[in-house]
Every structure is written in structure tokens, then in C-alpha cells.
Amino acid sequence: LPKCVSAKADLGAIYLAANLPKKSERYLLEAAADDPGGSSVFFHLAQLYKRKNEAKKAVAALERFIELEGAKKEGTRLEDALKHARADHKLLMQL
């Protein structure tokens, strides 16, 4: 078994594309357990569960994906705001 989280996630996605749901689920769940902040894993899990007609699990995985993606975007916005604040501070110090 691969030990690298990204390898597990990639294998899960490959097995999903190959329509091998049991193997896909195994690797995707392992990747999610090893790195619960990896949004793409939850996107693939949502696809998998949709194919398996497991609506509740599909919705939960999709909600987690959206939550993680939103956090990434918010983090980027906060980083941008911090950069602007630092730039403004430098300008004020020059006055």
C-alpha cells in the first residue's frame, strides 16, 4: 500500500475513473483519514457515492469539499489583506 497521501488520493481517482468503486473508496477514504484537509479527495468521494446511489454520503462529501475550498479562498483573501496592510504601514512610516 502506498504511504504517501497524494498517491492514495491519485489511486482512488484512477480507480474511480476505471469504474472500480471498492478500490476507489478504499484509497480515497485512506487519503481523507491521513489528510482531512485535502479537498480533492472529498470531491472524488462525492462522485463515487453519487455513482453508488449513496446520496447522504455524496452530499456530506460534497459539503466538506465546498467547506475546504471556501477556507482556501478565505485564506487567500486574508493573505491579500495582510499584504495590503503591510504596504499601508510602510507608507505611513515613511511620512
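Residues numbered from 1 in each chain as written. Predicted model: local features only at pLDDT ≥ 70, side-chain atom pairs only at ≥ 80, totals over all residues. Heavy atoms only, no water.

Give me the overall build of the protein chain: which residues, what numbers.
The number of helices and strands found in the protein chain is 4 helices and 0 strands. In the protein chain, the succession of helices and strands from N to C terminus is α-α-α-α. For the protein chain, with 95 residues in total, the buried portion stands at 23%. Long-range pairs, those at least 24 residues apart, make up 44% of the contacts in the protein chain between residues at least 6 apart in sequence. (Helix = DSSP H or I, 4+ residues; strand = E, 2+ residues; numbered from the N terminus. Buried < 20%, exposed > 50% of the residue type's maximum accessible area, 1.4 Å probe, protein only. Contact = heavy atoms within 4.5 Å.)

A description of the packing of helix α1 (residues 5–17) against helix α2 (residues 21–34) should follow, citing residues and the corresponding values.
For the pair α1 and α2, the least separation of the axes is 7 Å and the interaxial angle reads 150 degrees. Considering their axes alone, α1 and α2 lie roughly antiparallel with respect to each other. Viewed along their axes, α1 and α2 form a crossing whose handedness is left-handed. On α2, the residues that touch V5, K8, A9, L11, G12, A13, Y15 and L16 of α1 are K23, S24, Y27, L28, E30, A31 and D34. (Axes fitted to C-alpha atoms, helices over the stretch in contact; angles between N-to-C directions. Parallel < 35°, antiparallel > 145°, perpendicular 65-115°, else oblique. Left-handed = near helix turned anticlockwise from the far one by under 90°.)

Go over unusual backbone geometry with me, naming the residues and quoting the values.
Positive phi outside glycine occurs at N19, with the angle close to 60 degrees. In this fold, N19 is placed in the loop between α1 and α2.

Can you tell me about the pattern of salt bridges, naming the residues and giving the values?
A pair can form between side chains of opposite charge whenever their charged atoms are brought close. Under the defined criterion, the tally for this structure stands at 7 salt bridges. In this structure, E25 and K52 form a salt bridge, with 2.8 Å as the shortest nitrogen-oxygen distance. Residue E25 is found in helix α2, and its partner K52 is found in the loop between α3 (39–51) and α4 (55–94); the two are separated by 27 residues along the sequence. For E25, a relative accessible area of 14% puts it in the buried group. (Salt bridge = Lys/Arg side-chain N within 4 Å of Asp/Glu carboxyl O.)

For the nonpolar core, give the residues involved together with the corresponding values.
If you look at the biggest cluster of nonpolar residues, it comprises 14 residues, and the most contacted ones within it are A32, V41, F42, L45, L48 and Y49. Sorting the residues of this core by element identifies α1, α2, α3 and α4 as the ones contributing at least two each. With 6 residues, α3 is the largest single contributor of residues to this core. (Core = buried A, V, L, I, M, F, W, Y, C linked by side-chain atoms within 4.5 Å.)

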